[in-house]
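# Examination of the molecular architecture
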Amino acid sequence: MSSKNSNLEVKGLTISRNEQVLLESIDLSFTSGTITHLFGENGAGKTSLMRALAGLLNQDAGQVFWRGFKTSHPEANFSNDLLFLAHNLAMKHELSIAENLQFYAALRGKAVSLSEIKTVASELRIESLLERHFAELSAGQQHKVSLSRLVLENAKLWILDEPFVNLDSQTRDWLSHKMMDFAAKSGVVIFTSHQAIDGLKIHQKISLTHDEDEVMA
Amino acid sequence: MANSSKSFWRWFHQLGSPKWFYQKSAKWLPWLWAITAILFVFGLYFSLYASPVDYQQGNSVRIMYIHVPAAVLSMVGYLAMAVCAVIGLVWKMKMSFMAMRAIAPIGAVFTFICLFTGSMWGIPTWGTWWEWDARMTSELVLLFLYLGFIALHSSFSDRNKADRSAAILAIVGAINVPIIYGSVKWWNTLHQAYSVTKKGAIDPQMQTPLFIMIGAFYLLFVILVIVRLRLEVINRETKSKWLQEELA
Amino acid sequence: MFVTLLKRELMLARRNWVAILIPLFFFIMVVSLFPFAVSPEAEFLQQIAPGVIWVAALLATLLSLDLFYRGDYQDGSLEQLLIMASPTQVAFSKVLAHWLVTGLPLVLVSPLLAGLMHLNYAPDRELLDPNHTPVMMLSLLLGTPTLCLLGAVGMSLSLGASRNGMLVAVMILPLYVPILIFGSAVITASLANSGYNAQLAILGAILLFALVLTPFAIGRALKVAVS
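Computed from a predicted model, the values in this text were never measured in an experiment. (Residues numbered from 1 in each chain as written. Chains lettered and ligands numbered in written order. Predicted model: local features only at pLDDT ≥ 70, side-chain atom pairs only at ≥ 80, totals over all residues. Heavy atoms only, no water.)

With that settled, the discussion passes to the interface of chain C and chain B. In this assembly, 29 residues from chain C lie in contact with 25 residues from chain B. Taken over both partners, the interface formed by chain C and chain B buries close to 2400 Å², and the fraction arising from carbon and sulfur atoms is 78%. Linking chain C with chain B are zero salt bridges. Linking chain C with chain B are four residue pairs in polar contact (both at pLDDT 80 or more), by the criterion used here. (Contact = heavy atoms within 4.5 Å. Buried area = accessible area lost by both parts, 1.4 Å probe. Salt bridge = Lys/Arg side-chain N within 4 Å of Asp/Glu carboxyl O. Polar contact = N/O pair within 3.5 Å; in protein donor to acceptor, adjacent residues only side chain to side chain.)

Glancing now at a nonpolar patch on the surface. Taken together, the side chains of Ile175(B), Phe92(C), Leu208(C), Phe209(C), Leu211(C), Val212(C) and Leu213(C) make up a nonpolar region of the molecular surface, amounting to roughly 580 Å² of accessible area. For the nonpolar patch, the leading source of residues is helix α8 (residues 197-226) of chain C, giving five residues. Among the structural elements, Ile175(B) can be located in helix α6 (residues 159-190). When its relative accessible area of 37% is taken as the criterion, Ile175(B) is described as partly exposed. (Patch = residues over 30% accessible without salt bridge, like charges linked within 9 Å, V, L, I, M, F, W, Y side chains within 5 Å. Areas by Shrake-Rupley, 256 points an atom, 1.4 Å probe, with all protein chains shown as cover. Helix = DSSP H or I, 4+ residues; strand = E, 2+ residues; numbered from the N terminus. Buried < 20%, exposed > 50% of the residue type's maximum accessible area, 1.4 Å probe, protein only.)

All names here are of chain A. Checked against the element boundaries, histidine 37 lands in strand β3 (residues 35-39). Taking the C-alpha atoms as reference, histidine 37 lies 5.7 Å from threonine 192; in sequence the two are 155 residues apart. In this structure, histidine 37 is in contact with Phe191, Thr192, Ser193, Gln195, Ile202, Gln204, Lys205 and Ile206, ignoring residues within four places of it in sequence.

Residues and elements named next belong to chain B. Relative to the assigned elements, phenylalanine 110 resides in helix α4 (residues 94-125). According to the relative accessible area criterion, phenylalanine 110 is buried, its value standing at 3%. For phenylalanine 110 and proline 69, which are 41 residues apart along the polypeptide, the C-alpha to C-alpha distance reads 8.9 Å. Excluding anything up to four places from it in sequence, phenylalanine 110 contacts Ala70, Leu73, Ser74, Phe217, Leu220, Phe221 and Leu224.

Let's shift gears to the interface of chain A and chain C. Between chain A and chain C, the contact holds 28 residues from the first and 21 residues from the second. Both faces combined, the contact of chain A with chain C buries some 2200 Å², and carbon together with sulfur accounts for 59% of it. When the buried area of chain A at its contact with chain C is split by residue, Leu56(A), Lys92(A) and Leu107(A) rank highest and sum to 29% of it. The interface formed by chain A and chain C contains four salt bridges. Its salt-bridge partner being Lys92(A), residue Asp75(C) comes within 2.8 Å of it at the nearest N-O pair. Across the contact surface, chain A and chain C share 11 residue pairs in polar contact (both at pLDDT 80 or more). Of all the secondary-structure elements, those providing two or more residues to the side of chain A that touches chain C are β6 (82-85) and α3 (97-107) of chain A. Looking at the side of chain A that touches chain C residue by residue, the class counts come to 14 nonpolar, six polar and eight charged. (Nonpolar A, V, L, I, M, F, W, Y, C, P; charged D, E, K, R; others polar.)

No statement about biological role is implied by the geometric values presented.
Right under this line is the structure:
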């Protein structure tokens, strides 16, 4: 399965939000082993595009293919391969860090041991907090917990909405290295960012502009 | 056969185009109004004047000629909404959602008319304007279903979401309507309540005007839906060129 | 996958156990208001008991829905669940968890309410004590899951809506009518010493019907809510 080329192909995608067309019949291609930087002003449809790729937003027209199948097709195994990190961290405040992380890994059928979590947590300097409830962490720490999902879950496609925002430089480096490692292992990364990231090797840049709904790859 | 089904699909497809509908419906409306007016003239003449007086209920039986058609349309309206909902969800046809939204308040008004005339009828026959009669109770629940639909549809800022959510509710509601009706009927027999509206064979002299009135109500319903749907098209297509040319 | 989802829901419920208990208290409190409002006479209370208990159960179910849906919607967890699991599974795990932690306890405390409402009152002491409590529990056992299923439809539809306090109630209460009718009819029939099997069977049939159809509607509605 994994030997197959895992590319994400977008054909004729049209998406709109509140009756306003954001993107009109665009074709995009994200090949395996690449990192794509999506950029553009606020409201240009970056988040909407990501949500459409993730299958959350209903597209008006067009299709998204993963491994050559429509993402909704069971053969695409898309739900298992995709890791989508949005603005909201999607962590339960009532659960501990470890419980939160173990649950998401378990949804992919992967049992994550506490030592695995500890390894990541120590890289992110939050290992002392593992038993704490998520609600007790600072915003920065919470963000780090959400980022550790990238390492703990064996996804093949990362869609990350503003992952670098409000990160300290150390964590920023950690994240860019993880992204490059992941791409080197033929993963696909799509992320948005307002600023350029030093030291991150980007293979494709896509700019979304508000006015003409024009896409330049 | 194949040909006619092909032309049906073309018609179905055209119906999905707001522009086609907007232009064509402008031509349909005068005709529909004319036929409806004729039917109402005949229907009202027969039902208010040229039909027999009920030997038990006297002249108050004439309320039936409004009450029954309104009841029929209240149920047909909900069913039509559910059909539009299915078409909208399955074929992603926006016109279908617009029609669904156009029907809701009209259906609710017809349900209200049914309840209101039923109550008026109840005063001389039951001696009270409300009795927990099975049909009346079902109509009341149906009115609640309509109101729930309208409330849900109006509480979204995103129209797309409102359409799809309300469509799901319409389908769930339509599946429930027979269950509700059945259970209310059963509950009613259990409590041995009044069953004045339980009619046996209806006098043929009453049948004809009733059918004419039902026909007139059907057409009136269709007209009102078309009018509201045209407004809905104007509302949603404000930015499109064809509409601006049309309205200019 | 389903087990993982269900475990999570139950774990979250356990962490929020106070919030989970509130609907149960509400259930008991609403019922205990009736003697004040109407009359504490046993004969009278017995007569209205089926209706009162059922209406209270219905409102308690409606009130507890929020806990299982709103939080996940607001913090983005629902999106994640729907990306990784099928909507129907997510829907089903939520409904089952909701019933297990609110519906089932409601069934279990209902004998207490039967006592408060003098459900087993018998003026003629020479007769054997009639016991209507098991019948009442059985009716709640068959009816409350349907309340949870239909309530979940309304709840998930209202998630993305701007105002939603009373919206769920307005949408769902009409759909609750058949369950209310047959649920209380079971108890009424038992009080009248007549057969109640048919009513129970209908409650069961409605439950099966809802069990087959509503998870799709809930799943679909959840997808719309996050879109």
